[in-house]
Amino acid sequence: MEFTKGHGTGNDFVLLPDPDGQLDLTPELVAALCDRRRGIGADGVLRVVRAAKHPDGAGQAGEAEWFMDYWNADGSFAEMCGNGARVFVRYLIDTGLATPAGTALPVATRAGLVRALVEGDTVAVEMRRPRLHAGSAATLGGLTLPGTAVDVGNPHLVCVLPAALDLSALDLKTAPGYDPEVFPAGVNVEFIVAGEPVDGTDEHTLMRVYERGSAETLSCGTGACAVAAVALRDGGRDAGVVAVDVLGGRVTVTVTDDSCWLSGPAVLVATGEVDLAALPGAA
């Protein structure tokens, strides 16, 4: 099976070309591909399939040719992945499946239509404006950390750390606890602290994230959008530009009155073939 490996600020993916939806992609195969010791290794899988050829994308086929079929590393589905969308678009452009025409490129996802702009090494995707909901809390190592529930097409819990806690010292080897009544389908949990001012932005935030279905990752695009919305709210703004530093680099989030743009590098690093028979549990 052919594959491409790519990443956006260290949030890495295995991309599988399947234009006509013929690949029998299973949770077991996805988990085997994402295994970092016995597979290719990734935070998730992106199947590149025409919207008209996938049941979850068919309803958007009139607006977008391609559907981003995103799976978490554990083989579960996810509604949306911001960095995945940016890497997905990089793949479409670099392989000639889509052509940048100076206008936004539409991509179908389980969270609805997103649009993308490509400029050099940078790919920006427009997603829904984050929706801030009630407060909740995460538990981690005996600590209870209050946060804000945020919907970016997928669920997030953004926790601002108190000054006494060091972001880099958090132990994210295990999943933070959360309230299942607030997040019945699970949640991505972000921990954040304020950073020094960055020119051209309204806020600067440092974050770490534990992604539902993938564990701690070097970056999370929708998480950065959720974090930006909370940082702007806490700064007394409804909209603005936020620099978000993740373990894998920096992304820039622009929140407007009706949308959210996530911008940063998206890189394809390798292509090849994988022997499915050699993947434990994939058959």
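Keep in mind the model is a prediction, meaning the values are calculated, not measured.

**Q** I'd like to hear about the nonpolar core, residue by residue, with values.
**A** Nonpolar side chains in soluble globular proteins tend to be buried together. Met68 and Val253 are the most contacted members of the largest nonpolar core, which totals 48 residues. The next biggest cluster of nonpolar side chains, apart from the first, holds 16 residues, and it includes Phe3, Leu29, Val45 and Leu279.

**Q** Just give me the short version of the environment of Glu28, but keep the residues and values in it.
**A** The topology assignment puts Glu28 in helix H1 (residues 27-34). Glu28 gets classed as partly exposed once you look at its relative accessible area, which sits at 45%. Beyond its immediate stretch of four places on either side in the chain, Glu28 contacts Gly281 and Ala282.

**Q** Describe the state of the cysteines, naming the residues involved and giving the relevant values.
**A** Chemically, a disulfide is nothing more than a covalent bond linking the sulfur atoms of two cysteines. Applying the stated rule across the entire model yields 0 disulfides. Looking at Cys81, it has no disulfide partner, and the nearest cysteine sulfur is the one in Cys220, 6.5 Å off. Note on Cys81: relative accessible area 4%, which makes it buried. Of the cysteine sulfurs around Cys260, a residue in no disulfide, the closest is that of Cys225, at 3.3 Å. Under the relative-accessibility criterion, Cys260 is labelled buried at 0%.

**Q** Which residues make up unusual backbone geometry, and what are the values?
**A** The phi torsion at Thr9 lies on the positive side, around 45 degrees, for a residue other than glycine. Mapped onto the fold, Thr9 is located in the loop between strand S1 (2-8) and strand S2 (11-17). Phi at Ala215 is positive, roughly 75 degrees, even though this residue is not glycine. Counting through the fold element by element, Ala215 comes out in strand S13 (residues 215-217). What makes Ala215 partly exposed here is its relative accessible area of 29%.

**Q** An account of the packing of aromatic side chains is needed here, citing residue identities and associated values.
**A** Under the defined criterion, the tally for this structure stands at 3 aromatic pairs. Between Tyr178 and Phe183, the aromatic rings sit 6.3 Å apart at their centres with planes inclined by 75 degrees, giving edge-to-face as the arrangement.

**Q** Describe the side chain of Asp69, naming the residues involved and giving the relevant values.
**A** Mapping Asp69 onto the fold places it in strand S4 (residues 66-72). Taking the relative accessible area as the measure of exposure, Asp69 reaches 0% and is therefore buried. At 2.5 Å, the side chain of Asp69 forms a polar contact with the side chain of Arg110. Among all residues touching Asp69, those that are not within four sequence positions of it are Leu25, Val45, Leu46, Arg47, Val49, His54, Phe77 and Arg110.

**Q** Account for helix H3 (residues 221-234), naming residues and giving values.
**A** The terminal C-alpha atoms of H3, which comprises 14 residues, lie 20 Å apart, in line with the 20 Å expected from a rise of 1.5 Å per residue. Along H3, the residues classified as buried are Gly221, Thr222, Gly223, Ala224, Cys225, Ala226, Val227, Ala228, Ala229, Val230, Ala231 and Leu232.

**Q** With reference to specific residues and values, describe helix H2 (residues 82-94).
**A** For H2, built from 13 residues, the straight-helix expectation of 18 Å at 1.5 Å per residue is met to within 8% by its first-to-last C-alpha distance of 19 Å. Buried residues dominate H2, accounting for 12 of its 13 residues. Residues of H2 that are buried include every one of Gly82, Asn83, Gly84, Ala85, Arg86, Val87, Phe88, Val89, Arg90, Tyr91, Leu92 and Ile93, and no others. Trailing H2 by a residue or two, Gly96 shows a phi angle of about 80 degrees, which is positive.

**Q** If you had to explain the pairing of strand S14 (residues 240-246) to someone new, which residues and values would you point to?
**A** The element S14 is extensively covered by neighbouring structure, given that 6 of its 7 residues are classed as buried. In this sheet, S14 lies alongside strand S12 (residues 203-211) in parallel orientation, the contact comprising 4 bridges. Directly across from His204, in S14, lies its bridge partner Ala243. Pairing analysis gives 7 bridges linking S14 to strand S15 (residues 249-255), with the strands arranged antiparallel. Opposite Gly240, over in S15, you have Val255 as the bridge partner.

Criteria and cut-off values
Residues numbered from 1 in each chain as written. Predicted model: local features only at pLDDT ≥ 70, side-chain atom pairs only at ≥ 80, totals over all residues. Heavy atoms only, no water. Core = buried A, V, L, I, M, F, W, Y, C linked by side-chain atoms within 4.5 Å. Buried < 20%, exposed > 50% of the residue type's maximum accessible area, 1.4 Å probe, protein only. Helix = DSSP H or I, 4+ residues; strand = E, 2+ residues; numbered from the N terminus. Contact = heavy atoms within 4.5 Å. Disulfide = S-S within 2.5 Å. Phe/Tyr/Trp six-rings, centres within 6.5 Å; stacked < 30°, edge-to-face > 60°. Polar contact = N/O pair within 3.5 Å; in protein donor to acceptor, adjacent residues only side chain to side chain. Expected span 1.5 Å × (residues − 1). Pairing = 2+ DSSP bridges.

Honestly, it's all geometry; don't read function into it.
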